[in-house]
Amino acid sequence: MQTYKRKRLEIVVEKRRAPAVLDLLDREPGITGWTMLPCIGGRGHTGTRLPEGATDALDTVLILVVTSEEVAHRTMAAVLELLEEFVGVVLMGDVEVARPAHF
Amino acid sequence: MDAALANLLSPPVLCFLLGLLAGIVRSDLEVPEAVARSLALYLIFSIGFKSGVELAANGDLRPLLAPLLVAAGLSLFLPLPAFGLLRLLTRVSRVDAGAIAAHYGSVSIVTYVAATSFLSSRGIVFEGFLAAVVAVMETPAILTGLLLARAGETAGPDARRRRELVHEILANGSVVLLLGSFAIGMLTGSDGMRRLESVVASGFQGLLCFFLLDMGLLVARRFAGFATMGAGLLAFGVLMPLLGASAGLAAGWLLGLSVGGTALFATLAASASYIAVPAAMRLALPRANPSLSLSLALGITFPFNLVVGIPLYVAAADRLVG
C-alpha cells in the first residue's frame, strides 16, 4: 500500500488554554483538521497532575494535528509563542498517511 | 466541646474521615470523577435554591445589601493579610504568594454547605440570603491576588488573556449555578420547594456524605506533597482560616446577624477556594504553582475547617452574638 510522509504535531495544554490553540489551528490554512483527547494524568517539570475531582482547573488535553512539514514547523513556532509562560508540551514526529489529500 | 464531638461524629464528617482513611491506606476506593463533579453541582444547586426560597418567603430584599457589600469587602481585603503572612512565614515567590492569597480571600462552597448542615443538625437558624453572600465572595479576591502577584511588573497579560480571564471570572460555572438556582428559588418560592423538596432537601444529607467521601480521598492524595512544603506553609494553612474567621465574626456581629449567620460569615471568611480560583489563576498567573495553593486549600484548610473550624466558629458566634 502506498503511503505519504507527513508531520504529526502533539500538543499537550491545559484544558482552559485549548480554545486559544484550536483557534490558532483553525486560522492556519494549511491545517485541515485536528483531534483533541482528554489526558488522564502526567508528570513534567511542574509536577504530577492527576484528576482532582473538585476542580478541572488542572486538566490537560492532547491535540493531534497531521500536516505537511512546512506547515508543521510554522504551527509549532506559533503554538510555542502562544503558550508563552503556560504549561504545555509541543512535539513533532514523522507519520505516514494513506490519503494525502486529507492532510 | 459537645458541639465539636457532635460534629466529629456526624455522618458528613465521618464520611470525610472514611475517604481520608481509604486514601491513606491506598485503598482502590474511588468516586468516579464525573459523579464527584455532578455531586458538586447538585450541592451548589440545592443550597442556592433553598436560600432563594427562604428569601422569597421573607419578601424583603433590603437586609441583603449591607451583608453583600461587607462580604465583597472581606473578599477584597483578606488576601492582604494572607499575602503578608505568606511572605513572613514562608519562602514562596511573590507570584505564588499572590495566587495563594487569592484562594484565601475567596470561599469554599463545600465548606459553607458543611457548615449549614452542622447548623441545621443543631437546630440553629441562619439568614436565607447568605448563599448570595457566597457568590459575591467568590471573585473580588482574585483581583487583589493578581495585583499582589504582579506588583512591580510593567507588562500585564495581553488583551486576549484579559478577556479570557474576565469571562472565566464572570461565567464560572459554580457562580452561575449558585446565582441561577438562587434566582429560581426566589421566583418559584414555596411552590417550587414543594415540587423539588424530595431532591434538594430530603436527599441533601446523603449526597453531601457521598461528596465528602470523595473529598477525603482527594485530601489524602495531597498528603504526599506536604513533605516538601515546609512548616511555614503548613502553619499558614491553619493560621489563615483562624484570622479570616475572626474578621468574619467581627463582620457578622457588626451587621447584626444571628448566631447562625455570624458563624456562616466566619466560616466563609475562613475558607479557601479550590474550585473557582484555581481555574482563574491558571489563566491569570500561569507561572504560579497550582500544587501549592491546592495542597493548602484542599489538603490543610478544608479538613481543618470541616473537623475543627466549623464548631469553633459556631461556639465563638454564640459567645459574641448569642
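Above this text is the structure in question.
Only a predicted model underlies this, so the values are computations on that prediction, with no experimental measurement involved.

1. Some words on the overall build of chain B
Regarding its fold elements, chain B presents 16 helices and 0 strands. A globule of 322 residues ought to have a C-alpha radius of gyration of about 20 Å, and chain B, at 19 Å, matches this closely. With the principal axes as the frame, chain B shows a C-alpha extent of 55 × 45 × 40 Å. Residue pairs at least 24 apart in sequence account for 89% of intrachain contacts in chain B once pairs closer than 6 positions are excluded. Put simply, chain B shows about 13200 Å² of open surface, and 67% of that area lies on carbon and sulfur atoms. Each charge sign in chain B was given a centre, from 20 positive and 17 negative side chains, and these centres are 9 Å apart.

2. Re the overall build of chain A
Helices and strands together make up the secondary structure of chain A, namely 2 helices and 6 strands. Dimensions of chain A, computed from C-alpha atoms along their principal axes, come out at roughly 45 × 30 × 20 Å. Each of the 103 residues in chain A was classed as buried or not, and the buried ones make up 40%. Put simply, of all contacts in chain A between residues at least 6 apart along the chain, 80% involve residues at least 24 apart. A total accessible area of about 5800 Å² is found for chain A, and carbon and sulfur atoms account for 56% of it. Put simply, chain A has 12 plus and 15 minus side-chain charges, and the middle of one group is 4 Å from the middle of the other.

3. Some thoughts on the nonpolar core
Ranked by size, the top nonpolar core spans 85 residues in total, and within it Met215, Phe236 and Phe302 of chain B carry the most contacts. With 13 residues, helix H16 (residues 290-321) of chain B is the single largest residue contributor to this core. Sequence-distant contacts of phenylalanine 236 of chain B, defined by excluding residues within four places in its chain, comprise Ala82, Leu85, Leu86, Leu89, Ile100, Tyr104, Pro241 and Leu296 of chain B. If you look at the next biggest cluster of nonpolar residues, it comprises 21 residues, including Ala20, Leu25, Ile63 and Val71 of chain A.

4. A few points about the packing of aromatic side chains
The tally for this structure, following the rule as stated, stands at 5 aromatic pairs over all chains. Seen from their ring centres, tyrosine 274 of chain B and phenylalanine 302 of chain B are 5.7 Å apart, and the 80 degrees between their planes marks the pair as edge-to-face. Taken together, the positions of tyrosine 274 of chain B in the loop between helix H14 (259-270) and helix H15 (276-284) and phenylalanine 302 of chain B in helix H16 put the pair 28 residues apart, joining distant regions of the chain. Grouping residues by exposure puts tyrosine 274 of chain B and phenylalanine 302 of chain B together as buried. By way of ring pairs, the aromatic residues Phe16, Tyr274 and Phe302 of chain B are connected into one cluster. Note that arginine 17 of chain A overlies the ring of phenylalanine 86 of chain A, its terminal NZ or CZ placed 4.1 Å from the centroid.

5. What about the interface of chain A and chain B?
Tallying the contact residues gives 21 residues for chain A and 22 residues for chain B. Of the roughly 2000 Å² buried at the junction of chain A and chain B (both faces included), carbon and sulfur atoms supply 49%. Put simply, chain A and chain B have 2 salt bridges between them. Between aspartate 59 of chain A and arginine 37 of chain B there is a salt bridge, with its nearest N and O atoms 3.4 Å apart. Joining chain A to chain B, the criterion identifies 2 residue pairs in polar contact (both at pLDDT 80 or more). If you tally residues by element for the side of chain A that touches chain B, the top one is helix H1 (residues 18-27) of chain A, at 3 residues. Looking at the side of chain A that touches chain B, its residues break down into 9 nonpolar, 2 polar and 10 charged.

6. Focus on the pattern of salt bridges
Here the idea is simple: oppositely charged side chains can pair when their charged atoms come close. Evaluation of the coordinates by the stated rule reveals 11 salt bridges over all chains. A salt bridge links aspartate 94 of chain A to lysine 7 of chain A, with the shortest nitrogen-to-oxygen separation between them at 2.5 Å. In this pair, aspartate 94 of chain A is assigned in strand E6 (residues 88-97) and lysine 7 of chain A in strand E1 (residues 4-14), connecting sequence segments 87 residues apart. A relative accessible area of 15% places lysine 7 of chain A in the buried class. Here glutamate 14 of chain A and arginine 282 of chain B are joined by a salt bridge, their closest N and O atoms 2.9 Å apart. A residue pair is termed interchain when its members come from two chains, as with glutamate 14 of chain A in strand E1 and arginine 282 of chain B in helix H15. In this structure glutamate 14 of chain A comes out as buried when scored by relative accessible area, which is 3%. Using a relative accessible area of 3% as the deciding quantity, one classes arginine 282 of chain B as buried. Three or more residues are tied together by salt bridges with common partners; here these are Glu28, Glu70 and Arg74 of chain A.

7. A look at unusual backbone geometry
It is generally the case that most residues other than glycine have a negative phi and that most peptide bonds are trans. Residues and elements named next belong to chain B. Even without being a glycine, arginine 26 presents a positive backbone phi close to 55 degrees. Following the sequence through the fold, arginine 26 ends up in the loop between helix H2 (11-24) and helix H3 (33-58). We classify arginine 26 as exposed; its relative accessible area is 76%.

8. Some details on the sheet that holds strand E5 (residues 60-67) of chain A
All names here are of chain A. The 4 strands lie next to each other as E2-E5-E1-E6, forming an open sheet whose pairing is antiparallel. Every other strand in the sheet has two partners, leaving strand E2 (35-38) and E6 as the edge strands with one partner each. Looking at each pair of strands side by side, their axes are set apart by 20 degrees on average, direction ignored. As defined by bridge partners, E1 adjoins E6 across 10 bridges and the pair is classed as antiparallel. The partner of isoleucine 11 across the bridge, within E6, is valine 90. The strands touched by H1 within the sheet are E1, E2 and E5, with E5 carrying the most contacts at an inclination of about 10 degrees. Seen against the sheet, helix H2 (residues 69-83) touches E1, E5 and E6 and runs at an angle of roughly 170 degrees to E6.

Calculation notes
- Residues numbered from 1 in each chain as written.
- Chains lettered and ligands numbered in written order.
- Predicted model: local features only at pLDDT ≥ 70, side-chain atom pairs only at ≥ 80, totals over all residues.
- Heavy atoms only, no water.
- Helix = DSSP H or I, 4+ residues; strand = E, 2+ residues; numbered from the N terminus.
- Rg over C-alpha atoms; globule rule 2.2 N^0.38 Å.
- Contact = heavy atoms within 4.5 Å.
- Areas by Shrake-Rupley, 256 points an atom, 1.4 Å probe, with all protein chains shown as cover.
- Lys, Arg positive; Asp, Glu negative; His and termini not counted.
- Charge placed at Lys NZ, Arg CZ, Asp CG, Glu CD.
- Buried < 20%, exposed > 50% of the residue type's maximum accessible area, 1.4 Å probe, protein only.
- Core = buried A, V, L, I, M, F, W, Y, C linked by side-chain atoms within 4.5 Å.
- Phe/Tyr/Trp six-rings, centres within 6.5 Å; stacked < 30°, edge-to-face > 60°.
- Lys NZ or Arg CZ within 6 Å of the ring centre and 35° of its normal.
- Buried area = accessible area lost by both parts, 1.4 Å probe.
- Salt bridge = Lys/Arg side-chain N within 4 Å of Asp/Glu carboxyl O.
- Polar contact = N/O pair within 3.5 Å; in protein donor to acceptor, adjacent residues only side chain to side chain.
- Nonpolar A, V, L, I, M, F, W, Y, C, P; charged D, E, K, R; others polar.
- Pairing = 2+ DSSP bridges.
- Axes fitted to C-alpha atoms, helices over the stretch in contact; angles between N-to-C directions.

By themselves, these observations are geometric and do not establish any function.
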